[in-house]
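# Summary of structural features
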Amino acid sequence: MIINAAILEDNILFANQLKNLILIWADKNSHNFNIDVFHSAENLISGNTKYTYYDVIFMDIQLQPDVPSAITGMDIAKKLRLSGFDNDIIFITSYQEYVFEGYNVNAFNFLLKPIQTDKLYPVLNSLIEKYSDKQYVFKNRQSIVSIPYANIITITSNLHEINIMTSNDTYTDRSSLETIADTLPKSFVRCHKTCIVNLSHITKIEKNIIFLSNKKLQTIGRKYLTTLKNSYLTYIMGGGI
């Protein structure tokens, strides 16, 4: 799984230590963290930085603690929330009393300094569990592939493999439809013994033919026709299943 992360920490040594701990954990657990480090709030929220790109921001609460009027990480978090940033924020602090204030900005979690791996790693595990719900992740030879569920159009079986079709590419995973069916979001529905379709990529159904968002067609198996049409009707009428 790929997670895009930022660290906002004015202490350069501590920022690098945290980055290294995250990367060591990610490597051991076959995850991929892209991490950018910012040493000032101005650099993170400047016009040149697309902070909405980040899935999670590790944010020190006390930036420049020796400057009484300095902006705090809590101030930055409030600005990010007001600007529409709704991804995760994990606060870093030396003071436990800030924990309750973090609820006002919907913080994902808190880490107390100095960072201990027995505290950091469970937080990272929880983060991965959350984002696993949004992506299909598998190992492909020597690489790890992560595909947002929203981008998947169909998943078809081919002997002992499945082909995952998106708008731009088709990926192959050594698995089966039966193995993955129960792990997929509810918008994925079986339409044929060899195919699962993402309802959000159906543009039209005519008789037993599905018209897909990428202009391709998919046949509906007879035994799946009624269930699929009912699921699609529920989806488009209710904005989801």
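Everything that follows concerns the structure shown earlier in this document.
In short, a report on the structure. Bear in mind that the values here come from a model prediction, so they are computed numbers and not experimental data.

This brings us to the overall build of the protein. Within the protein one finds six helices and 15 strands. Relative to its full complement of 241 residues, the protein shows a buried share of 42%. Within the protein, contacts between residues at least 6 apart in sequence are counted, and of these 53% link residues at least 24 apart. Surface exposure of the protein reaches about 13600 Å², of which carbon and sulfur atoms provide 48%.

Time to look at the packing of aromatic side chains. Summed over all chains, the structure comprises seven aromatic pairs. Measuring from centroid to centroid gives 6.3 Å for Trp25 and Phe33, while their planes differ by 80°, and the two rings are edge-to-face. Overall, the relative accessible area of 4% leaves Trp25 in the buried class. Their ring planes at 80° and their centres at 6.2 Å tell us that Phe38 and Tyr54 sit as a pair that is edge-to-face. Here the residue Phe38 occupies a position in strand 2 (residues 32-38), and Tyr54 occupies one in the loop between helix 2 (41-45) and strand 3 (56-60), the gap between them amounting to 16 residues.

This brings us to helix 1 (residues 12-28). Here helix 1 is 17 residues long and its end C-alpha atoms lie 25 Å apart, about the 24 Å a rise of 1.5 Å per residue gives. Among the residues of helix 1, Phe14, Ala15, Leu18, Ile22, Trp25 and Ala26 are the ones counted as buried. All buried residues of helix 1 project into a common sector of 105° when viewed along the axis, lining one side. Opposite its buried face, helix 1 presents the exposed residues Leu13, Asp27 and Lys28, each directed more than 90 degrees away. Its side-chain oxygen 3.1 Å from the backbone nitrogen of Leu13, Asn11 forms the N-cap of helix 1. Taken from the residues just after helix 1, Ser30 is the one with a positive phi, measuring 60°.

All right, on to the pairing of strand 2 then. When a strand is regular, its side chains alternate between the sheet's two faces. Taken together, the seven bridges between strand 1 (residues 2-8) and strand 2 define a ladder with parallel strand orientation. Bridge pairing in strand 2 links Ile7 to Val37. You can see the chain leave strand 1, run along helix 1 and come back into strand 2, and the turn it takes is right-handed.

Pairing between side chains becomes possible if they bear opposite charge and their charged atoms approach one another. For the structure on display, the rule yields four salt bridges. Lys113 is the salt-bridge partner of Asp60, the closest N and O atoms lying 3.4 Å from each other. Of the two residues, Asp60 is situated in strand 3 and Lys113 in the loop between strand 5 (109-112) and helix 4 (117-132); the sequence distance between them amounts to 53 residues. Here Lys204 makes a salt bridge to Glu206, at a shortest N to O gap of 3.1 Å. A relative accessible area of 40% places Glu206 in the partly exposed class. The network of salt bridges with common partners includes Glu9, Asp60 and Lys113.

Before going further, it helps to spend a moment on helix 3 (residues 73-82). Buried residues of helix 3: Gly73, Met74, Ile76, Ala77 and Leu80, and no others. Taken around the axis of helix 3, the buried residues stretch over an arc of 155°, which confines them to a single face. Just downstream of helix 3 lies Gly84, where phi reads positive at about 105°.

Parameters and conventions
Residues numbered from 1 in each chain as written. Predicted model: local features only at pLDDT ≥ 70, side-chain atom pairs only at ≥ 80, totals over all residues. Heavy atoms only, no water. Helix = DSSP H or I, 4+ residues; strand = E, 2+ residues; numbered from the N terminus. Buried < 20%, exposed > 50% of the residue type's maximum accessible area, 1.4 Å probe, protein only. Contact = heavy atoms within 4.5 Å. Areas by Shrake-Rupley, 256 points an atom, 1.4 Å probe, with all protein chains shown as cover. Phe/Tyr/Trp six-rings, centres within 6.5 Å; stacked < 30°, edge-to-face > 60°. Expected span 1.5 Å × (residues − 1). Arc of directions from axis to C-beta. Polar contact = N/O pair within 3.5 Å; in protein donor to acceptor, adjacent residues only side chain to side chain. Pairing = 2+ DSSP bridges. Right-handed = clockwise from strand over helix to strand, strands pointing away. Salt bridge = Lys/Arg side-chain N within 4 Å of Asp/Glu carboxyl O.

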